[in-house]
Amino acid sequence: MKAAIFHKPFDMTIEAVEMPEIGDGEILLNVKACGICGSDLHMYKLDLHTDKLCRKTGKGRIPGHEFSGDVVKVGANVQEFQVGDRVAGVTNGGGFAEYNPVLVYPGFNLFKIPPDLSYEAAATLEPFANSVHATLKGKPANGENVVVFGAGIIGLGIVQCLKELDIQLNKIIVVDVSDGRLKMAEKLGADEIINASRTSPEARIREIVGSSPLMTYAEESTANIDVVYDCVGYIRERPEPAALQQAINMVREFTGRIVVHGLFEETIPLDLSYFVVKQVAVLGSFGFFPDDIAMALDLMGSGKVDRRQIITHTFPLDQAREAFDMQCDVDSSVKVMIMP
Ligand SMILES: [Zn+2]
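These numbers come from a predicted model, not from an experiment. (Residues numbered from 1 in each chain as written. Predicted model: local features only at pLDDT ≥ 70, side-chain atom pairs only at ≥ 80, totals over all residues.)

**Things to note about the overall build of the protein chain**
Looking only at helices and strands, the protein chain features eleven helices and 19 strands. Relative to a compact globule of 340 residues, whose C-alpha radius of gyration would be 20 Å, the protein chain shows 21 Å and is just as compact. With respect to the principal axes defined by its C-alpha atoms, the protein chain has extents near 70 × 40 × 30 Å. When each of the 340 residues of the protein chain is scored for burial, the buried share is 49%. (Helix = DSSP H or I, 4+ residues; strand = E, 2+ residues; numbered from the N terminus. Rg over C-alpha atoms; globule rule 2.2 N^0.38 Å. Buried ≥ 20, exposed ≤ 12 C-beta atoms within 10 Å, placed from the backbone.)

**Let's talk about the nonpolar core**
Across soluble globular proteins, nonpolar side chains have a tendency to be buried as a group. The biggest cluster of nonpolar side chains holds 108 residues, and the ones touching the most others in it are Val148, Phe149, Val159, Val174, Ala185, Val228 and Ala296. Among the elements that make up this core, the one with the highest residue count is helix α5 (residues 153–164) (seven residues). When residues are assigned to domains, this core turns out to be shared by domain 1 (2–123 + 306–339) and domain 2 (128–284), each giving three or more. Ignoring any residue separated from it by four or fewer positions in sequence, one finds Ala296 in contact with Leu125, Phe128, Ala129 and Val132. (Core = buried A, V, L, I, M, F, W, Y, C linked by C-beta atoms within 7 Å. Domains from an automatic or database assignment. Contact = placed C-beta atoms within 7 Å.)

**What about unusual backbone geometry?**
With a phi angle near 60°, Asp47 is a residue other than glycine that sits in the positive phi range. Among the secondary structure elements, Asp47 is positioned in the loop between α1 (38–46) and α2 (50–53). One non-glycine residue with positive phi stands out, namely His49, at about 55°. Turning to its location among the elements, His49 is positioned in the loop between α1 and α2.

**Quick word on the environment of Ile173**
One can find Ile173 in strand β11 (residues 171–176). Considered as a pair, Ile173 and Ala190 are 17 residues apart in the sequence and their alpha carbons are 5.9 Å apart. Excluding residues that lie within four positions of it along the chain, Ile173 makes contacts with Val147, Ala190, Asp191, Glu192, Ile194, Ile205 and Ile208.

**Examining the packing of helix α4 (residues 125–137) against α5**
For the pair α4 and α5, the least separation of the axes is 8 Å and the interaxial angle reads 60°. It follows that α4 is oblique to α5 by the angle criterion. The handedness of the crossing between α4 and α5 is right-handed. Of the residues in α5, those touching α4 at Pro127, Phe128, Asn130, Ser131, Val132, Ala134 and Thr135 are Ile153, Ile154, Gly157, Ile158, Cys161 and Leu162. (Axes fitted to C-alpha atoms, helices over the stretch in contact; angles between N-to-C directions. Parallel < 35°, antiparallel > 145°, perpendicular 65-115°, else oblique. Left-handed = near helix turned anticlockwise from the far one by under 90°.)

**Some points on the pairing of strand β19 (residues 335–339)**
Counting buried positions over the five residues of β19 gives four, a clear majority of the element. With two bridges joining them, strand β3 (residues 26–35) and β19 adopt antiparallel strand pairing. Residue pairing in the sheet places Gly35 in a bridge with Met337 of β19. With respect to chirality, the unit in which strand β18 (residues 311–316) leads through helix α11 (residues 320–328) into the neighbouring parallel β19 is right-handed. (Pairing = 2+ DSSP bridges. Right-handed = clockwise from strand over helix to strand, strands pointing away.)

**Some words on the domain arrangement of the protein chain**
Split by domain assignment, the protein chain resolves into domain 1 (2–123 + 306–339) and domain 2 (128–284). Computed over C-alpha atoms, the centres of domain 1 and domain 2 are 31 Å apart. With nine residues of domain 1 in contact, the opposing surface of domain 2 contributes ten residues. The class makeup of the residues in the side of domain 1 that touches domain 2 is three nonpolar, three polar and three charged. (Nonpolar A, V, L, I, M, F, W, Y, C, P; charged D, E, K, R; others polar.)

Take a look at the structure:
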């Protein structure tokens, strides 16, 4: 079978590799779609976490962990799936290939998908479940103002999820440095968008939602922001202050929540004065629980959330390299899908 093999940064080739054998607890998947994840880009550009993100074969390492496809073989101990099931899920790599063996952890890494959900949309189930998980952690409530830093796949998924919760938010504000991605955020329901490469987010956010004096230091004020989702983390090449620092500076005193999903490319200095004085809650978010998957599948399967909108490009497996280069081009792409 054909597979994309990652060698070193910016070096990936298509090779013929052996057809995978499956163990008793595994299924074999005929991969139909596999998305390129932000963590795959960390590998592609910097060789970070490569072993965790790839399936090792005699010919080298195959990345790709956000996939969908058809079950074509079932190991003796697997009871939850049958040949012919359409599934979506997440693995430790191997998805950028025609076939991929998946060790089944029932309820955690492989899920049957509704009949009319496309393979491309279904392959975004894992990042969307991450978005659902992060969204709920922030406990957004009626009338609140929310900021999302980063209009990538997770941030946009948070916007999609926020729009379908049973609450009426006051403002959803999305901050990014790509006009293309900000336009996408607007299309998905953001009330305001801010390009941080041209505009100071905090100053603009104070204009949009106003500010309130601090109880602790009456001469100082803070923006009226209830929840911030940090889907940026820290990216070495960006000159803007870290989103987490901006978030600490802008959330409300006492009740402000920050949910951090973005990854940090290196250790960063933070001024924590406002974190302490305003008594801000900072919550990490990573992955998902079974309930998040159920909610994500329900929102996608019912058509309330249309994930095809954020898939900007699809490439055949033979052009995996071009697909990765396109995913690196944040101005032109949001989610790039490889269709083996
Ligand atoms: Zn991922």
